[in-house]
Amino acid sequence: MSNILVPLDTSASAEKVLAAAEDLAVRLKSGVRLLHVIEPMASYIPVGAAMDVVTTAAVEIDPMQAEGAKKRLEKLADRLRAKGLEVDCEALIGIAADEILEMAKSLGSEFIVLGSHGHGALYHLFSGSVVTGVLKHSACPVVVVPIRA
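All residue numbers refer to position in the chain's written sequence, counted from 1. Residue-level local features of this predicted model are given only where pLDDT is at least 70; pairs of side-chain atoms are given and counted only at 80 or more, and the full residue set underlies all totals for whole chains, interfaces and linings. Water and hydrogen atoms play no part in the side-chain values, which are based on all heavy atoms of the structure.

## Looking at the overall build of the protein
Heads up, the condition is: To qualify as a helix, a DSSP run of H or I must reach at least 4 residues; to qualify as a strand, a run of E must reach at least 2; elements of each kind are numbered from the N terminus. Partly exposed describes any residue whose relative accessible area lies between the buried limit of under 20% and the exposed limit of over 50%, with all areas from a 1.4 Å probe on protein chains only and scaled to the type maximum. The contact criterion used throughout is that any non-hydrogen atoms of two residues lie within 4.5 Å. Note on areas: Shrake-Rupley with a 1.4 Å probe; residue coverage comes only from the protein chains shown.
From N to C terminus, the protein includes six helices and five strands. Reading the helices (α) and strands (β) of the protein from amino to carboxyl end gives β-α-β-α-α-β-α-β-α-α-β. Scored against the burial criterion, the 149 residues of the protein give a buried share of 37%. Summarising the internal contacts of the protein: among those between residues at least 6 apart in sequence, 77% fall at separations of at least 24. Accessible surface computed for the protein: about 8800 Å², of which carbon and sulfur atoms make up 58%.

## Examining the side chain of Ser109
Here is the rule: Throughout this description, a polar contact denotes any pair of N or O atoms lying within 3.5 Å of each other; where both atoms belong to protein, one of them has to be capable of donating a hydrogen while the other can accept it, and for residues adjacent in sequence the pair is counted only when both atoms sit in side chains.
Along the chain, Ser109 turns up in the loop between helix H4 (96–107) and strand E4 (111–116). Classification of Ser109 by relative accessible area gives buried; the value is 8%. A distance of 2.8 Å separates polar atoms of two side chains, one belonging to Ser109 and the other to Asn3. Setting aside its immediate chain neighbours within four residues, Ser109 contacts Asn3, Leu5, Ala104 and Cys140.

## Concerning the pattern of salt bridges
This is how the line gets drawn: Any carboxyl oxygen of Asp or Glu that lies within 4 Å of a side-chain nitrogen of Lys or Arg is treated as forming a salt bridge with it.
A complete count under the given rule lists nine salt bridges for this structure. Glu22 is the salt-bridge partner of Arg79, the closest N and O atoms lying 3.0 Å from each other. One end of the pair, Arg79, is in helix H3 (residues 63–81); the other, Glu22, is in helix H1 (residues 14–28), and 57 residues separate them in sequence. On the accessibility criterion, Arg79 (30% relative accessible area) is partly exposed.

## Overview of the sheet that holds strand E1 (residues 3–7)
Where we set the bar: For two strands to pair, DSSP has to find at least two bridges joining them. All axes here are fitted lines through C-alpha atoms, helices being fitted over the stretch that makes contact, and every angle between N-to-C directions spans 0 to 180 degrees.
Taking strand neighbours across the sheet as the criterion, the five strands line up as E3-E2-E1-E4-E5 in an open arrangement whose pairing is parallel. Sheet topology places strand E3 (87–93) and strand E5 (142–146) at the edges, where each strand pairs with a single neighbour. When strand polarity is set aside, the average angle formed by the axes of neighbouring strands in this sheet is 20 degrees. Sheet topology note: the E1/strand E2 (residues 31–38) ladder contains five bridges and is parallel.

## Considering the pairing of E2
In terms of residue burial, E2 counts as a mostly covered element, since eight of its eight residues are buried. Here E2 shows a buried face lined by Gly31, Arg33, Leu35 and Val37 and a second buried face lined by Val32, Leu34, His36 and Ile38. As judged from the seven bridges shared by E2 and E3, these two strands associate in the parallel manner. For His36, the partnering residue across the bridge sits in E3 and is Ala91.

In structure tokens form, the structure reads like this:
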């Protein structure tokens, strides 16, 4: 069975992304994998640190965070299951774009459906964009759902 990967941040904006994924999955008769990636936050980064120091800096991760995110995804999945779709849920800890791309590759996903918050250029200059990272490196088509009205 074909599948669609749907990374969600489990905020209220997830509803728009979920609706778009639902529509596509129903049309293609595809399974759906809902994914939430929890990005670790460094507890301390020395001033002027090089990127290799930043990536190896100690991070604080609450193991219950992934479990809570998966429970929220399961609630969202019920809506898709009610439409007769096969849905799996997973919550991971890692770098969002990397985890999304790896999951899509391992599943052989036909599509990735994700939301774009539409932050400005200055925001992306300092923080980057998950959507941009996925678009640049995805081996399958990516459907970007605008979150702003």
